[in-house]
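Listed below are the residues making up each chain.
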Amino acid sequence: MERQRKYIVYGAGRLMVSAEDPDELTRRCEVLIEHYRNIGIDVAWTPNDQLRLFTEQFPGDKTRLRVRAYRQVQELEAIAAGLFTASNSLGDGEGPYIGRTTGRSQEIVHFDPLFAPRNNKPPGIAIVGAPGGGKTFTTLTIAYQTASRGITTVLLDPKGDAKGLATLGGLGDVRILELGSRMAGLLDPFSLAESREEGTLLAMETMRLLLGGEMTAERENAIVSAIRQVAVLPYPNLRKVVVELLLKGGVETMNDSRSAYTDQMISVAKSAGNLLEVISELPLGNLCFSSARSDVKIARDRLTIITLAGLSLPSASTPQDRYTYAQRLSVTLLYLVTHYTRTLIVDPLFTGPKALVIDEAWALTQTTQGAQLIAEVSRLGRSRNTALALVSQNAKDLLAEDVRNCLTTMFVFRSEDAEEITADLELLRISDNPEHRQAVATLPTGRNSECIMRDIRGHVGTMRIDMSYLPEVTVAFDSTPDDGTGRVQSSARRIVTDVTGRVLGVVDTEAEAEALRARIEAETGAPVTIKPDESAVPSGAPSLTKPDTGPHDGPAAQQYEDGSTATSSNLAGARYVGGPPLGQ
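1. A closer look at the overall build of the protein chain
Scanning the protein chain from terminus to terminus reveals 18 helices and 18 strands. Here the protein chain holds 584 residues, and 47% of them are scored as buried. Partitioning the intrachain contacts of the protein chain with sequence separation of at least 6 by distance along the chain shows that 69% fall at a separation of at least 24. Summed over its atoms, the accessible surface of the protein chain is roughly 28,600 Å², and 50% of this surface lies on carbon and sulfur atoms.

2. Comments concerning the environment of arginine 437
With respect to the helices, strands and loops of the structure, arginine 437 is situated in helix 16 (residues 434-441). Expressed as a C-alpha distance, the spacing of arginine 437 and leucine 425, which sit twelve residues apart in the sequence, is 7.7 Å. Beyond its immediate sequence surroundings of up to four residues, arginine 437 is in contact with Ala418, Ile421, Thr422, Leu425 and Asp432.

3. Remarks on the packing of aromatic side chains
Tallied over the entire structure, the rule returns five aromatic pairs. Measuring from ring centre to ring centre gives 5.6 Å for phenylalanine 137 and phenylalanine 477, while their planes differ by 80°; the resulting arrangement is edge-to-face. With phenylalanine 137 in helix 5 (residues 135-148) and phenylalanine 477 in helix 17 (residues 471-477), this pair connects stretches of sequence that are 340 residues apart. The class of phenylalanine 137 is partly exposed, set by a relative accessible area of 22%. Note on phenylalanine 477: relative accessible area 3%, which makes it buried. A ring pair is formed by tyrosine 144 and phenylalanine 477, whose centres lie 6.3 Å apart and whose planes are at 80°; its orientation type is edge-to-face. Taken together, the positions of tyrosine 144 in helix 5 and phenylalanine 477 in helix 17 put the pair 333 residues apart, joining distant regions of the chain. Taken as a pair, tyrosine 144 and phenylalanine 477 share a single burial class, namely buried.

4. Some thoughts on the sheet that holds strand 3 (residues 97-101)
Strand order in the open sheet made by the eleven strands is 4-3-13-12-11-5-10-9-6-8-7, with mixed pairing throughout. What marks the edges here is a single partner per strand, and that holds for strand 4 (108-110) and strand 7 (175-178). Strand-to-strand twist of the sheet, defined as the mean angle between neighbouring strand axes without regard to direction, takes the value 25°. Where strand 7 lies against strand 8 (residues 303-307), four bridges are found, and the strand directions are parallel.

What counts as what
Residues numbered from 1 in each chain as written. Predicted model: local features only at pLDDT ≥ 70, side-chain atom pairs only at ≥ 80, totals over all residues. Heavy atoms only, no water. Helix = DSSP H or I, 4+ residues; strand = E, 2+ residues; numbered from the N terminus. Buried < 20%, exposed > 50% of the residue type's maximum accessible area, 1.4 Å probe, protein only. Contact = heavy atoms within 4.5 Å. Areas by Shrake-Rupley, 256 points an atom, 1.4 Å probe, with all protein chains shown as cover. Phe/Tyr/Trp six-rings, centres within 6.5 Å; stacked < 30°, edge-to-face > 60°. Pairing = 2+ DSSP bridges. Axes fitted to C-alpha atoms, helices over the stretch in contact; angles between N-to-C directions.

Take a look at the structure:
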């Protein structure tokens, strides 16, 4: 210290202990000595120095040390470092880098979605905010980082914003499942369930969601009877419930004795059957109303993006009794897709880490069935090493008790509506005062957007999601429209996959499409046609469906010689991505 001419501080630590009697005083001193010993500090209790130590504490006297033993010498910097300071550290300190806190001390934020279930905490993550605030970028960042670490990641993406992930390197064998007419029957409740009993219950909940307020007690009785009758048949499905029973009058037609009651129930069954048939004929209706069966499964140890192009989701402010038939079907399909991903979580043979990300989660949490399903997935996630991320525009959609109890980490982006700000503060579990309301209402948006994060330790602060160190990721995640500079919007590109969702390539121009077509033809030996939003189908290849399939089984799917099928759709991305040779 003398050679470096540093400032030093002489100090002497004193601990004053008081009690009502000598015995209690002795006991308290021993407890104090033992406490400090446990944290590596020796406290000396010297009986001969007690009077002088006591007189040192008298106020008004000249400051002096009457006992010079145990004096400590420290550098000034060491004393300053021990003072109380304010910090805005966020995150769990173990996960990958996702950004920095804002303000004077910009600290690195580490976040691992699986930190909570590993530490026996609820695994839920909430990402809320108005459009354009940055929640899509945050969602894709979390999905990208989990997938890049080899974690089985499933992303439910009704809007198609996540397809840019398929254009990035380092994610391995990305799968994209576009749920449409070519996957007829994939979301049939009986095929999703592990048992007939579970299939019966799931079919009943599906019917309640589809009919909404039009589900009267008489209709429910007729539909439940039809479902139970079909459940014991070989290969049960919802299509049989509607066509083979309800449209013919339900189970009451099997009763030889007729009465006014049976005639009334037959009329009710036909009415419900006609209504359900109208819903089943809507776009995407054959996903759950079909006699076909689809065995496409979610792949392990890779990223799977599930899209539902053409969903007509209602706005968050629309009451459930005002939903149109198309909106009821869309909410029901989102519920069934979530149940479809649940099979991966409950699989007892797969105990590896998993992450489930649900965009437009409000469509689920607004229904009783959806909220219960989210709560069930959350409970399973804690024991099955699964993280759950819910993305919504309004925090109010995540405040139901079953949903809120499963959340430990929240990302709240800008909101200007007074009621939404109230819900944001309640979700963050901080006091509702003018300062906090102003903080939510003035959060930056756009390319430099910020959010308020509450981490697993209960710390709350503002931060900015940062992926600037990976420019290609930032480009792939950009969902803003073309600003006139000629930049290709994410959703304006096309991706080609096989029937399992494996990415074969991404194209921007006709020349790239032609090169991809030639490559697939060379590998399959069959002619291929690639068109926007249509299938890349080799003509003359055998069909995957039976020749006598009906209209609810979807168009006949075509396959290559190795059994794979190529499809084309719009995709976000920045370059051509060649897949591995077909059949491998």
